[in-house]
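# Remarks on the overall topology
If you want the building blocks of each chain, they are given just below.
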Amino acid sequence: RRIALPMASYAALTILSIPGGYLAGLFVEQEFGGEWAKLAAAEVAGFAGMAFGGIVSSRFDGKEDFAIPAGLAIFGTMSILMATTDALVCYLSLMGAYGIALTVTQTSIITMLQKEAPTSMRGRVFGLANAVYSGFLPLGMAVLGPLADALPLRTIMAGAGIAGLGIALMALRALRGGQRSKLEH
């Protein structure tokens, strides 16, 4: 259970990060214009957020049970807000926060996997984590990329954000349930 939850969260996060993260260039072009400076600003905002997220993640050592649902909730909220804004500067700020939340969540999931996987199984667990990322990212792009031609990307981003909030709630319940069972034994 302590391996299945973070692995499922990792798979979901990989797919849910596609509309707001990997399709950001398409979104900026559709909503704000395709000038190179705007496209570059979106990439820099995402990168800066992820870099700062790495620094923030260092503060969550031992607090993965908090960081995973909190990161997923912030990630979902930022995705929804990014889908609803009409101002590029606001979008870029939200993209930075989105990058922070994405990195904190991914780092906390990987940390939890490291801590929870038995030493003899750790290589297999991380092999599976790599397979999840390597499989779910192109699968999600194959589904969500063409879907962005049929539906507004704003709708897809908002839907991903709502799903992220739902997964955050499920992760919170599952992780709190795990804490209770540890305390009872």
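Look up: the structure comes first, before these words.
Being a predicted model, the structure only gives us computed values, none of them experimental.

### Description of the overall build of the chain
Of the regular secondary structure elements, the chain holds seven helices and zero strands. Beginning at the N terminus, the succession of helices and strands in the chain can be written as α-α-α-α-α-α-α. Computed over the C-alpha atoms, the radius of gyration of the chain is 17 Å, within 12% of the 16 Å expected from 2.2 N^0.38 for a compact globule of 185 residues. By the burial criterion, 42% of the 185 residues in the chain qualify as buried. Restricting to contacts in the chain with at least 6 residues of sequence separation, those with at least 24 account for 85%. As displayed, the chain offers around 9,200 Å² of accessible surface, 67% of which is attributable to carbon and sulfur atoms.

### What to know about the side chain of Thr103
Structurally, the position occupied by Thr103 is in helix H5 (residues 88-116). A distance of 3.0 Å separates the side chain of Thr103 from the backbone oxygen of Gly99, its partner in a polar contact. In this structure Thr103 touches Met50, Gly53, Gly54 and Ser57, once residues within four positions along its chain are discounted.

### Here's the deal with the side chain of Thr105
For Thr105, the position within the fold is in helix H5. A polar contact of 2.7 Å, which involves the side chain of Thr105, links it to the backbone oxygen of Ala101. In contact with Thr105, not counting residues within four places along its chain, are Leu13, Ile68, Gly71 and Leu72.

### A word on the layout of surface pockets
Of the volumes computed, that of the largest pocket is approximately 220 Å³. As for the largest pocket, its lining consists of 15 residues, and the residues nearest its centre are Gly21, Tyr22, Gly46, Met50 and Leu102. Going through the elements one at a time, helix H1 (4-22), helix H3 (36-57) and H5 are the ones with two or more residues in the lining of the largest pocket. Broken down by class, the residue content of the lining of the largest pocket amounts to nine nonpolar, five polar and one charged.

### Digging into the packing of aromatic side chains
Considering all chains together, one arrives at five aromatic pairs under this definition. Residues Tyr10 and Tyr133 carry aromatic rings whose centres are separated by 6.2 Å and whose planes lie at 25° to one another, so their mutual orientation is stacked. Here Tyr10 is found in helix H1, whereas its partner Tyr133 is found in helix H6 (residues 122-150), with 123 residues between them in sequence. What makes Tyr133 partly exposed here is its relative accessible area of 28%.

### Looking at the environment of Pro19
With respect to the helices and strands, Pro19 occurs in helix H1. Sequence separation between Pro19 and Met50 is 31 residues, and the spatial gap between their C-alpha atoms is 16 Å.

### Structural notes on the packing of H3 against H5
Relative orientation of the contacting elements H3 and H5 amounts to 35°, with a least axis distance of 7 Å. Helix-helix and strand crossings are classified by hand; for H3 and H5 the assignment is right-handed. Touching Lys38, Ala41, Ala42, Ala45, Gly46, Gly49, Met50, Phe52, Gly53, Gly54, Val56 and Ser57 of H3 are Leu88, Tyr91, Leu92, Met95, Gly96, Gly99, Ile100, Leu102, Thr103, Val104 and Thr107, all from H5. Broken down by class, the residue content of the contact of H3 with H5 amounts to 13 nonpolar, nine polar and one charged.

### Overview of the packing of helix H2 (residues 24-32) against H3
Put simply, H2 and H3 touch, their axes get as near as 9 Å, and they point 135° apart. In terms of axis orientation, H2 runs oblique to H3. The two elements H2 and H3 cross, and the hand of that crossing is right-handed. Here Gly25, Val28, Glu29 and Phe32 of H2 come into contact with H3, specifically with Lys38, Leu39, Ala42 and Glu43. Considered class by class, the residues forming the contact of H2 with H3 number four nonpolar, one polar and three charged.

Procedures and definitions
- Residues numbered from 1 in each chain as written.
- Predicted model: local features only at pLDDT ≥ 70, side-chain atom pairs only at ≥ 80, totals over all residues.
- Heavy atoms only, no water.
- Helix = DSSP H or I, 4+ residues; strand = E, 2+ residues; numbered from the N terminus.
- Rg over C-alpha atoms; globule rule 2.2 N^0.38 Å.
- Buried < 20%, exposed > 50% of the residue type's maximum accessible area, 1.4 Å probe, protein only.
- Contact = heavy atoms within 4.5 Å.
- Areas by Shrake-Rupley, 256 points an atom, 1.4 Å probe, with all protein chains shown as cover.
- Polar contact = N/O pair within 3.5 Å; in protein donor to acceptor, adjacent residues only side chain to side chain.
- 1 Å grid on protein atoms, 1.4 Å probe; cavity = no way out; pocket = protein on both sides within 12 Å on 5 of 7 lines; lining within 4 Å.
- Points joined across faces, edges and corners; volume = space filled by probe spheres on them.
- Nonpolar A, V, L, I, M, F, W, Y, C, P; charged D, E, K, R; others polar.
- Phe/Tyr/Trp six-rings, centres within 6.5 Å; stacked < 30°, edge-to-face > 60°.
- Axes fitted to C-alpha atoms, helices over the stretch in contact; angles between N-to-C directions.
- Left-handed = near helix turned anticlockwise from the far one by under 90°.
- Parallel < 35°, antiparallel > 145°, perpendicular 65-115°, else oblique.

Keep in mind these values describe shape, not function.
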